Amino acid sequence: MSKPIDLRGAAEPHQLHPAEKPGVLVKAGAGPVLQATRIAKWFGDNHVLRGASITVWPGETVCILGRSGSGKSTFLRSLNFLEDPTDGRVEIDGVVVNADPFHTEGKDRAERIRELRMRAGMVFQEFNLFPHLSVIGNCIEAPILVKGMARKEAEAIAEKYLEKVGLLDKRDEYPSRLSGGQRQRVAIARALTMQPKVLLFDEPTSALDPTLVGEVLKVMADLAHEGRTMIVVTHEMDFAHEAADRVYYMDQGEFVEVGPPEQVIDAPQDQRTRDFLARFRTLGTKK
Ligand SMILES: Nc1ncnc2c1ncn2[C@@H]1O[C@H](COP(=O)(O)OP(=O)(O)O)[C@@H](O)[C@H]1O
Ligand SMILES: [Mg+2]
């Protein structure tokens, strides 16, 4: 009898790309904190992710570059199952969730997705703050509701991170009274208050007025340098160059080039990466 095909993508072990080596801040002997293995996604007939894998060690910052529509957001959202991948496997801090397109797994999987989400904090392009909650209210909502944290403890942690992003004085303000840059810094403090193992940023400065981009990148660079683990989808080449241990270039749902920023950004090997960066430079988007 032939062996049934494993449609969950868990049959083969995770493989490192040759350019995936622990970054400078990774403690000797530490294993990866995040492994996404051959993530695939179909939206109807649209094959959006074609087996994208990534490995991230604790303390690393990795950046994902790629054209609009190449699948970057879908990949990032698949890491915490905001998007349900069609195939593949995600492991974060020991919690494993496989793709389950036919819904054969039950409650146990839903619980693991919950565990996974507590380990992966997300910062979106559009901030996604609750307009009816104050700054501190936004920060403590998930720790109290999802983690069951006591209000006092959640507030103390949130205040620590609001101070870190330079907004403790806006603690009781409402999002509508903040600038876009301040809102995004609150969103970062909110993600940090959950004390995640890895922070996922999806083009966090793309919706901002250009004058406000710098204050958000500064906070992110500080987090990178203090050894937070971060995956950042961005078009900010200077940030990627300065902060990233590794850069992944995505094209049509695959990572076609992986390496240190000095290679992928300054001396790309793959023609698709070259074309993208050349276009970028002529557009003058580089600040
Ligand atoms: N919810 C969805 N339903 C159908 N198609 C989608 C959905 N989200 C994204 N797509 C499609 O997937 C492709 C990749 O989108 P996305 O991951 O947003 O790319 P990127 O973030 O690199 O711009 C695009 O063709 C997009 O139209
Ligand atoms: Mg996107």
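This one's a predicted model, so the numbers in the text were calculated from it and none came from an experiment.

Comments concerning the sheet that holds strand β6 (residues 120-123)
Turning to step 1, where the next piece is worked out: The strand order across the open sheet formed by six strands is β6-β7-β8-β3-β9-β10, and the pairing between neighbours is mixed. Every other strand in the sheet has two partners, leaving β6 and β10 (254-259) as the edge strands with one partner each. Across the sheet, the axes of successive neighbouring strands diverge by a mean angle of 20°, strand direction being ignored.
Turning to step 2, where the next piece is worked out: Direction of pairing for strand β7 (residues 198-202) relative to strand β8 (residues 230-233): parallel, over a ladder of four bridges.

As for helix α2 (residues 107-119)
Turning to step 1, where the next piece is worked out: A rise of 1.5 Å per residue sets the reference length of α2, with its 13 residues, at 18 Å; its end C-alpha atoms lie 19 Å apart and thus fit the reference within 8%.
Turning to step 2, where the next piece is worked out: For α2, every residue scored as buried is listed here: Leu-116, Arg-117, Met-118 and Arg-119.
Turning to step 3, where the next piece is worked out: On its buried face, α2 sits against β4 (87-92), β5 (95-98), β6 and β7.

Let's talk about the site of ligand 1
Turning to step 1, where the next piece is worked out: The environment of ligand 1 is formed by Phe-43, Asn-46, Val-48, Gly-66, Ser-68, Gly-69, Ser-70, Gly-71, Lys-72, Ser-73 and Thr-74.
Turning to step 2, where the next piece is worked out: Listing elements by their share of the shell around ligand 1, those giving two or more residues are β2 (46-56) and α1 (72-79).
Turning to step 3, where the next piece is worked out: Counting residues per element, the shell around ligand 1 draws most heavily on α1, which supplies three residues.
Turning to step 4, where the next piece is worked out: Looking at the shell around ligand 1 residue by residue, the classes come out as two nonpolar, eight polar and one charged.

Comments concerning the sheet that holds β2
Turning to step 1, where the next piece is worked out: Taken in spatial order, the four strands line up as β2-β1-β4-β5 in an open sheet, and their pairing is antiparallel. Across the chains shown, the open sheet's two edge strands, defined by having one partner strand only, are β2 and β5. Between one strand and the next, the sheet's axes are offset by a mean angle of 15°, whatever the strand orientation.

Regarding the pairing of β6
Both faces of the sheet carry side chains from a regular strand, because those side chains alternate between them.
Turning to step 1, where the next piece is worked out: Residues Ala-120 and Met-122 point to one face of β6 and Gly-121 and Val-123 to the other, with burial holding for every one of them.
Turning to step 2, where the next piece is worked out: Pairing of β6 with β7 involves four bridges; the strand directions are parallel. By the bridge assignment, Val-123 is partnered in β7 with Phe-201.

With respect to the packing of helix α5 (residues 180-193) against helix α6 (residues 210-225)
Turning to step 1, where the next piece is worked out: One can describe the packing of α5 onto α6 by two numbers: an axis separation of 8 Å at closest approach and a directional angle of 20°. With respect to their mutual orientation, α5 and α6 come out roughly parallel. Relative to α6, the crossing made by α5 is right-handed. Of α6, the residues touching α5 (which contributes Gly-180, Gly-181, Gln-184, Arg-185 and Ile-188) are Leu-212, Glu-215, Val-216 and Val-219.

A word on unusual backbone geometry
Turning to step 1, where the next piece is worked out: Even without glycine at this site, His-103 takes up a positive phi of about 50°.
Turning to step 2, where the next piece is worked out: Within the fold, His-103 resides in the loop between β5 and α2.
Turning to step 3, where the next piece is worked out: The exposed category is assigned to His-103, around which 8 C-beta atoms lie within 10 Å.
Turning to step 4, where the next piece is worked out: Of note, Asn-128 is a non-glycine position whose phi angle comes to about 55°, a positive value.
Turning to step 5, where the next piece is worked out: Following the sequence through the fold, Asn-128 ends up in the loop between β6 and α3 (135-145).

About the cut-offs
- The residue numbers shown here count from 1 along each chain, following its written sequence.
- Chains carry letters from A onward and ligands carry numbers from 1 onward, assigned in written order.
- With pLDDT at 70 or above as the cut-off, local features in this predicted model cover only qualifying residues; side-chain atom pairs require 80 or more to be listed or tallied, and sums for whole chains, interfaces and linings still use all residues.
- Any two strands are treated as partners once DSSP identifies two or more bridges connecting them.
- For helices the rule is a DSSP run of H or I covering at least 4 residues; for strands it is a run of E covering at least 2, with both sets numbered from the N terminus onward.
- To get an axis, fit a line to the C-alpha atoms, keeping to the stretch in contact for a helix; angles then go from 0 to 180 degrees between the N-to-C directions.
- One fewer than the residue count of a helix, multiplied by 1.5 Å, yields its expected span.
- Backbone-placed C-beta atoms define the burial measure: a residue is buried with 20 or more other C-beta atoms within 10 Å of its own, exposed with 12 or fewer, and partly exposed in between.
- Remark: residues whose backbone-derived C-beta atoms lie within 7 Å of one another are considered to be in contact.
- Near, for a residue, is defined by distance from a backbone-placed C-beta atom to a molecule or strand, with 6 Å as the limit that must not be exceeded.
- Under the convention adopted here, Pro, Cys and the residues Ala, Val, Leu, Ile, Met, Phe, Trp and Tyr are nonpolar, Asp, Glu, Lys and Arg are charged, and Gly plus all remaining residues are polar.
- Relative orientations are named as follows: roughly parallel for angles under 35 degrees, roughly antiparallel for angles over 145 degrees, roughly perpendicular for angles from 65 to 115 degrees, and oblique for any other angle.
- Crossing handedness is defined as follows: a turn of the near helix away from the far one that is anticlockwise and smaller than a right angle gives a left-handed crossing, while the clockwise case is right-handed.

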